[in-house]
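Each chain, letter by letter, is given below.
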Amino acid sequence: MGLRLSYVTVLIPENLAELREASESPDVILLAGGTDLMVSVNHRSRRIGSDATVISLARVPELRSWSHNPASGELVIGGGITWSQLERPPFDSLAPALAQAARTVGSPQIRNAGTIGGNIATASPAGDGLPVLLALGAVVDILGSAGQRSSSLADLLTGPKRTTLAPGEVIVSVRVTETAGWQGYAKIGVRNAMVISVAGVAMVLDGAARKATIALGSVGPTVLLAAEASARLSTEFDWDAWSCSESTIVSVGEMAAAEARPIDDHRSTAEYRRHGVRVLTSRLLKRGIDRR
Ligand SMILES: Cc1cc2nc3c(=O)[nH]c(=O)nc-3n(C[C@H](O)[C@H](O)[C@H](O)COP(=O)(O)OP(=O)(O)OC[C@H]3O[C@@H](n4cnc5c(N)ncnc54)[C@H](O)[C@@H]3O)c2cc1C
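Because the structure is a prediction, the values reported are computed rather than measured.

Enquirer: Help me understand the site of the ligand in this model?
Expert: Taken together, 34 residues lie near the ligand, and Leu30, Thr35, Asp36, Thr115 and Asp128 sit nearest. Here an oxygen atom of the ligand sits 2.6 Å away from a polar atom, N or O, in the side chain of Thr35. The backbone of Ile171 places a nitrogen or oxygen atom 2.7 Å from a nitrogen atom of the ligand. Expressed as a share of its isolated accessible area of 970 Å², the protein-covered part of the ligand is 89%. Elements represented by at least two residues in the shell around the ligand include exactly strand S2 (28-31), helix H2 (37-42), helix H6 (108-113), helix H7 (116-122) and strand S10 (170-177). Of the residues forming the shell around the ligand, the biggest block, 5 residues, is contributed by H7. Its residues assigned to classes, the shell around the ligand comprises 17 nonpolar, 12 polar and 5 charged.

Enquirer: What's the story with the domain arrangement of the protein chain in this structure? I'm lost.
Expert: Structurally, the protein chain comprises domain 1 (9-56), domain 2 (61-177) and domain 3 (181-290). For domain 2 and domain 3, the distance between their C-alpha centres works out to 20 Å. Taken together, the contact pairs 21 residues of domain 2 with 20 residues of domain 3. Of the roughly 1,700 Å² buried between domain 2 and domain 3, counting both surfaces, carbon and sulfur atoms make up 65%. Counting across the domain 2 and domain 3 interface gives 1 salt bridge. Between Asp128 and Lys187 there is a salt bridge; the shortest N-O distance is 2.7 Å. If you list the elements that add at least two residues to the side of domain 2 that touches domain 3, you get helix H5 (96-104), helix H8 (129-135) and strand S8 (157-159). Partitioned by chemical class, the residues of the side of domain 2 that touches domain 3 number 15 nonpolar, 5 polar and 1 charged.

Cut-offs and rules
- Residues numbered from 1 in each chain as written.
- Predicted model: local features only at pLDDT ≥ 70, side-chain atom pairs only at ≥ 80, totals over all residues.
- Heavy atoms only, no water.
- Near = heavy atom within 4 Å.
- Polar contact = N/O pair within 3.5 Å; in protein donor to acceptor, adjacent residues only side chain to side chain.
- Areas by Shrake-Rupley, 256 points an atom, 1.4 Å probe, with all protein chains shown as cover.
- Helix = DSSP H or I, 4+ residues; strand = E, 2+ residues; numbered from the N terminus.
- Nonpolar A, V, L, I, M, F, W, Y, C, P; charged D, E, K, R; others polar.
- Domains from an automatic or database assignment.
- Contact = heavy atoms within 4.5 Å.
- Buried area = accessible area lost by both parts, 1.4 Å probe.
- Salt bridge = Lys/Arg side-chain N within 4 Å of Asp/Glu carboxyl O.

If you want it as C-alpha cells, here you go:
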C-alpha cells in the first residue's frame, strides 16, 4: 500500500500580471491578512482541499498602494491596505468615517493584518468598513482571469457573506470621493473593544452636494442604505446654517430604525439592534452638527 501525499499549492505573485495568471489556477483561494479566512478554516466552515491553490496577495504592490486626486477628490484605496493604515493620515482626513471604522476593528494585531479587500470579500453584514463605503458610494475595481471590471459596492454585495465575485477574482482597489462637510461611523457591540458590531451606522453630510446619506450595518442580510431617512435629512437639514431641528434629529433616527431589517441571533435581539440604529443615527447627527 503506497503512501499518498497531497500538497496545497501556494503561489506568491509579485505583480498584477502574475496575479492574473495565478488566478487562472483551479480551486483558487485568495489569502490577504488571513484574519477571516483562517478563522473559517479553523472552524471548518471553509476547507482548503489538497487540490487548492492558495494565492498570497501580500507581495502585489498594486494592492498595497493608494492614490488621491486633489482635483476630483477621488481616493483609490488598494485592496491590500490594512486597517492600521486606514486609521492614520492621510485617510483620517480624506475619509474620516473610514478611519473611524478602522479604529473599531478587532485589536492592533488584527488591524495590522486585516485588509479592506478582505472585509469587502467576506461580505459580513457586520463588516465595519462596509456601511462607510456604502454611504460614500464606493466603486470596487476587480481583476480576474476574464479581465478587469468595476462594480458599485451596493451591487457587489448580494447577501450575508455573498458577493458577485467569481472564484479567483481579486479586489484590486476600492474608490470613494472625498466629501465636503462631515462624515462619521459608530457601532454598538457587547463590549468596548474586540467586538463584532450588533448595529453600526455610517453618516455622510455632504455640504457641497447638500445631501445626507445614512448606511446601516449588522441589521440586515447585507449592509443597507437607509434611503428614506437619508432623503428626509437631506431635505430638512439647513445646509447654510449647518444645523437641523431637534425633531429632525429624533425623526431621522426613527426612520433609520424603521428601515433596518434586523434579526434575533446569538449576539443580540432584533429589537435591541433597531434601538441601536435609532440611538446611533441621532447621536451621529448631533456629532455632525457640533463638529464640522
Ligand atoms: C479577533 C478578530 C476580530 C475581528 N474584529 C473585526 C471587527 O471588529 N470588525 C470587522 O469588520 N471585522 C473584524 N474581523 C474580521 C476581519 O479582521 C476583517 O474582515 C478583515 O478586514 C479581513 O481582511 P483579511 O485581509 O484578513 O482577509 P482574509 O482573511 O485574508 O480574507 C477574507 C476573505 O476575503 C478574500 N479576499 C481577501 N482579500 C481579497 C481581495 N483583495 N480580493 C478578493 N478577495 C479577497 C479571501 O479569499 C477570503 O475569502 C475580526 C477578525 C478577528 C479574527
